[in-house]
Amino acid sequence: MNRRPVMALMMVVAAYPLTAQSNAERMANDRYSRSHDYDLLHQRIIVSEFSWDSLSFQGRVVTTLRALRPGLDSVVLDAGKLLDIKRVMDIKRVMLSRDATLRSSRHGDTLVVHLPKPVAFGDTVGFSIEYHGVVENGQGLTFIEADSGRSFRPRQLWSQGEDHNNHFWFPTYDFPNDKMSWELEATV
C-alpha cells in the first residue's frame, strides 16, 4: 500500500483549520469573547490613602478610548460593586473650564458613563472617574500585614488582576480581548 497519498491528505486536512481563518477572524468569531463598542487605549490609575483596617483606598482613573461604532453615546465599564463612584468628568470640558460632570449609572458590577453627546466612529473620548475603593482581600488587590517574625516580609499591597479581577479595584473593561497601555501612580 502506498502511504504517500494518505500522508499528503492527512497533512492538508491537519493544516486546513490553521489557514481557514486569520487571527482577526478567529477573535471576531469567538463566541466566548465579550463584545464592546470601543477600543480602550490608555488608563492612568491614581490610588492613595490605603487603609489596612478597612481594606480601602481613594482612587481616580483617567480613561482614553476610541469609538468602534458611529453614534457611541455611552461607555459600559466593569466596576466592582464595592467601588463607590464619586464623580465622572469629561476631560475635554475640564480643560475648557466648563461644567465637566458626566451622568453615570450603576448596575451591579457595571458602570455606564453617558457621554455629553454621541461621537462618531474612530473618535477619541476621555473621562476621569473618582471613587472610593473597598476590596475583599485578594479580589483585585491584596493587603498583606508585615510579619514581625520575618524581616523579609514587610507590609505590602499587590495586585494580580490578570484577565478579570482588575475591576474590583478600578473601573475598566476587564476582559482579555482588548489590550491597552496604562500607568499607575500609587501614594503609599
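Anything mentioned here points back to the structure above.
The structure contained in this document is the topic of the report that follows. Fair warning: this is a prediction, and the values are worked out from it, not measured in the lab. (Residues numbered from 1 in each chain as written. Predicted model: local features only at pLDDT ≥ 70, side-chain atom pairs only at ≥ 80, totals over all residues. Heavy atoms only, no water.)

**As for the side chain of Ser56**
- Checked against the element boundaries, Ser56 lands in strand 2 (residues 56-67).
- The exposure class of Ser56 is buried, given its relative accessible area of 6%.
- Of the polar contacts made by the side chain of Ser56, one reaches the side chain of Ser54; its length is 2.6 Å.
- The contacts of Ser56, once residues within four sequence positions are left out, are Glu49, Phe50, Ser51, His132, Gly133, Val134 and Phe143. (Helix = DSSP H or I, 4+ residues; strand = E, 2+ residues; numbered from the N terminus. Buried < 20%, exposed > 50% of the residue type's maximum accessible area, 1.4 Å probe, protein only. Polar contact = N/O pair within 3.5 Å; in protein donor to acceptor, adjacent residues only side chain to side chain. Contact = heavy atoms within 4.5 Å.)

**Section: the sheet that holds strand 10 (residues 181-186)**
- Strand order in the open sheet formed by 5 strands is 4-7-2-1-10, with mixed pairing between adjacent strands. Taken across any chain shown, the strands that pair with only one partner, and hence form the sheet edges, are strand 4 (84-90) and strand 10. Neighbour-to-neighbour, the strand axes of the sheet open up by a mean angle of 15 degrees, direction not taken into account.
- As paired elements, strand 1 (residues 38-51) and strand 2 share 11 bridges and run antiparallel to each other. For Ile46, the partnering residue across the bridge sits in strand 2 and is Arg60. (Pairing = 2+ DSSP bridges. Axes fitted to C-alpha atoms, helices over the stretch in contact; angles between N-to-C directions.)

**Some details on the sheet that holds strand 6 (residues 110-119)**
- Spatial strand order, 3-6-5: 3 strands in an open sheet with antiparallel pairing. Looking along the sheet, the strands with just one partner apiece sit at the ends: strand 3 (72-78) and strand 5 (104-107). Across the sheet, the mean angle from the axis of one strand to that of its neighbour is 25 degrees, orientation sign disregarded.
- Of the strand pairs in this sheet, strand 5 and strand 6 are connected by 4 bridges, and their pairing is antiparallel. Directly across from Ser104, in strand 6, lies its bridge partner Val113.

**Remarks on the packing of aromatic side chains**
- Throughout the structure, instances matching the rule amount to 6 aromatic pairs.
- For the ring pair Tyr38 and Tyr173, a centre distance of 6.1 Å and an interplane angle of 85 degrees mean the geometry is edge-to-face. Linking Tyr38 in strand 1 with Tyr173 in the loop between strand 9 (156-159) and strand 10, this pair joins segments that are 135 residues apart in sequence. Grouping residues by exposure puts Tyr38 and Tyr173 together as buried.
- Centre to centre, the rings of Phe57 and Tyr131 are 6.1 Å apart; their planes meet at 90 degrees, and the pair counts as edge-to-face. Remark: Tyr131 occurs in strand 7 (residues 124-134) and Phe57 occurs in strand 2; sequence separation between them is 74 residues. (Phe/Tyr/Trp six-rings, centres within 6.5 Å; stacked < 30°, edge-to-face > 60°.)

**Some words on the pattern of salt bridges**
- Counted by the stated rule, this structure contains 8 salt bridges.
- Glu145 serves as the salt-bridge partner of Arg155, at 3.3 Å between the closest nitrogen and oxygen. Of this pair, Arg155 sits in the loop between strand 8 (141-144) and strand 9 while Glu145 sits in the loop between strand 8 and strand 9; the two residues are 10 residues apart in sequence, bridging distant segments of the chain.
- When salt bridges that share partners are traced, they join Asp37, Arg69 and Asp73 into one network. (Salt bridge = Lys/Arg side-chain N within 4 Å of Asp/Glu carboxyl O.)

**Quick notes on the nonpolar core**
- In this structure, Val75, Phe127, Ile129 and Tyr131 are the most contacted members of the largest nonpolar core, which totals 33 residues.
- Mapped onto this core, the elements with two or more residues apiece are strand 1, strand 2, strand 3, strand 4, strand 6, strand 7 and strand 8.
- When residues of this core are assigned to their parent elements, the largest contribution, 5 residues, is made by strand 1. (Core = buried A, V, L, I, M, F, W, Y, C linked by side-chain atoms within 4.5 Å.)

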